Amino acid sequence: MTQLQRVLFSESSPNIGGQELQLLEQASGLQRQGVAVHLVCRANSRIASVALERGIPTTHLPFRNSLHPPSILGLRRLLREFKPDVVISHSGHDANAVAVAARLLKKRPRLVRARTYQPGVPSAWTYNTLVDLTLVPSEYLKSRLLQNPRIKAERIAVLYPGIPFADNDAKCKQQLPPELLAQLQIGKRRLLVHAAMLRTEKGHALMLDVLPRLLEKFPDLLYVIAGEGELYETLYRRASNEGLGQNVLFAGMVTQLPALMLHAELLVMPSLYEPLGMSQIEALSHNIPVVASRTGGIPETVEDMRSGLLAEPGDVDDWLAKLSWALEHPEAMRAMAAQGNINVRARFCISENLRRLQAFLSGLLKA
């Protein structure tokens, strides 16, 4: 059996989010297991600085576009020098550039693409030819890709994300900023926490539809929006114009999110579309009850009436009914969250993610 010895990770995004953090966790985990790892990314990217802090060797390339000649030549040089068994790419530009650079070699490494979403119609050539294997975060996304019958099923594999639960547990002990604590009015208000970027598909508008009717029965509610994004002005204006200013808190980016979740009566995730979602997993890992949309990959993380409640996406009446039931039955919701805690900590831990990743990569090397 061929032993996995060297893995090159590539990331062309200048920002850092869930996908980039997942890359760093995987690189650090493989490094601890004795695998030599290397990261290629942009020089001034956020991931470059975090990789340096973690002791992950890094090479910088500009990745101006998918066919940027200096980046492709730099990748070919790096592939020759580092000699990876596998390259795992996390963004569009770097995945395409790596595919070209690898094919300029006499013997190329195996190519893996991590794909967290699929805009538009999937191309069979991308999945069948460009890379050897595509890793997706849910069975839902895999099934969506395979709606194109020309895509080979064996080229798509599900790798659930690995969440650093121990780190999150430590963050629960952090103190929230005094200004935020004062706004939350803990002990006087029941918090519905919604941790997501302010984008249409995340369902903030639906919550603003539901909230006035919910407040008729539960006037002590505070809907806490933790996140930033393009819809901030629109949502803020709407909440103000509809007289919801006292019941909606725009908290912005909350770096101590686990500590905020601990104060939540419910974690809500009213997404219209979600390949998998992370907030509901993290909430359950802290025994926080969850009400989420029955869409995309969310049902793979929350089982209705066993580990949380699922409501129909975009359906105001169903969301009103599910949220009302959850608020009226706090003990039942906490019992479900406890069951969810056991489930997500087993399925979404870093060790399980690394075990499955190693299995996929070893399988590629044997093929």
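Above this text is the structure in question.
Please read all numbers here as calculations on a predicted model, not as lab measurements.

> Before we go on, may I ask you to explain the overall build of the protein in this structure?
Each helix and strand in the protein was counted, giving 15 helices and 13 strands. Compactness check: the protein gives a C-alpha radius of gyration of 22 Å against a globular reference of 21 Å for 367 residues, within 12% of the reference. With respect to the three principal axes, the spread of C-alpha positions in the protein is 70 × 45 × 35 Å. Looking at the protein as a whole, 54% of its 367 residues qualify as buried. Looking at the protein as shown, the accessible area adds up to about 16500 Å², and 52% of this sits on carbon and sulfur atoms.

> Sorry, what's going on with the nonpolar core here?
Across soluble globular proteins, you tend to see nonpolar side chains buried next to one another. Ranked by size, the top nonpolar core spans 43 residues in total, and within it L184, V224, L260 and F348 carry the most contacts. The biggest single contributor to this core is helix α11 (residues 257-261), with 4 residues. Apart from the residues lying within four places of it in its own chain, the contact partners of L260 are L176, L184, V193, V224, A226 and V254. Grouped together as the second largest cluster of nonpolar side chains are 31 residues, L211, L215, W319 and M333 included.

> Help me out: how do you make sense of a nonpolar patch on the surface in this one?
On the surface, a cluster of nonpolar side chains totalling about 260 Å² of accessible area is made up of L67, V100 and L104. Here V100 is to be found in helix α4 (residues 92-102). Given a relative accessible area of 31%, V100 falls into the partly exposed group.

> Explanation requested: empty space enclosed by the protein in the structure shown.
It is a probe the size of a water molecule, rolled over the atoms, that shows where empty space is left. Applying the stated rule across the entire model yields 1 cavity of 30 Å³ or more. As for the largest cavity, its lining consists of A95, R113, R115, T126, Y127, L130, V131 and T134. Looking at the lining of the largest cavity, its residues break down into 4 nonpolar, 2 polar and 2 charged.

> What is the right way to look at the environment of M207 in this model?
With respect to the helices and strands, the residue M207 is situated in helix α9 (residues 204-217). Residues M207 and V316, 109 residues apart in the sequence, show an inter-C-alpha distance of 8.2 Å. The contact partners of M207, leaving out residues within four places of it in the chain, are L192, H194, Y223, V268, P270, W319 and L323.

> Explain the sheet that holds strand β10 (residues 248-252) here, please?
Two orientations exist for strands paired in a sheet by backbone hydrogen bonds: parallel and antiparallel. The parallel open sheet is built from 6 strands, whose spatial order is β10-β9-β8-β11-β12-β13. Strand pairing shows two members of the sheet lacking a second neighbour, β10 and β13 (309-311), which therefore form its edges. Direction aside, neighbouring strands of the sheet carry axes that sit 25° apart on average. Both strand β8 (residues 190-195) and strand β11 (residues 264-269) contribute to a ladder of 3 bridges, which runs parallel. Its bridge partner lying in β11, V193 is registered against L267.

Criteria and thresholds
- Note on numbering: residues in each chain are counted from 1, in written sequence order.
- For a predicted model such as this one, the threshold for reporting local features is a pLDDT of at least 70, and the threshold for listing and counting side-chain atom pairs is 80 or more; totals across whole chains, interfaces and linings nevertheless cover every residue.
- Each side-chain value is worked out from all heavy atoms of the structure, with water and hydrogens disregarded.
- By definition, any uninterrupted DSSP run of H or I lasting at least four residues is a helix, any uninterrupted run of E lasting at least two residues is a strand, and each is numbered from the N terminus.
- Using C-alpha atoms as the atom set, the radius of gyration is obtained and then compared with a globule rule of 2.2 Å times the number of residues to the power 0.38.
- Note on classification: 1.4 Å probe, protein chains only; a residue is buried when its accessible area is under 20% of the maximum for its type, exposed when over 50%, partly exposed between these limits.
- A 1.4 Å probe and the Shrake-Rupley method give the accessible areas. Residues count as covered only by the protein chains that appear here.
- Joining through side-chain atoms within 4.5 Å is the link that ties buried Ala, Val, Leu, Ile, Met, Phe, Trp, Tyr and Cys residues into a set, and such a set is a nonpolar core.
- Contacts: residue pairs with any heavy atoms within 4.5 Å of one another.
- Patch rule: a residue counts if its relative accessible area is over 30% and it has no salt bridge; like charges are joined within 9 Å, and nonpolar side chains (Val, Leu, Ile, Met, Phe, Trp, Tyr) within 5 Å.
- In the sections that follow, a salt bridge refers to a side-chain nitrogen of Lys or Arg positioned within 4 Å of a carboxyl oxygen of Asp or Glu.
- The way it works is a 1 Å grid over only the protein atoms, where trapped points that fit a 1.4 Å probe form a cavity and open points with protein on both sides within 12 Å along at least five of seven lines form a pocket, and then any residue with an atom within 4 Å of a point lines it.
- Grid points are joined across faces, edges and corners, and a volume is the space filled by probe spheres set on the points.
- In this count, Pro and Cys sit with the nonpolar residues alongside Ala, Val, Leu, Ile, Met, Phe, Trp and Tyr, while Asp, Glu, Lys and Arg are called charged and the others, Gly among them, polar.
- In this description, strands pair whenever DSSP reports at least two bridges between them.
- Axes here mean lines fitted to C-alpha atoms, for a helix over just the part in contact, with angles spanning 0 to 180 degrees between N-to-C directions.

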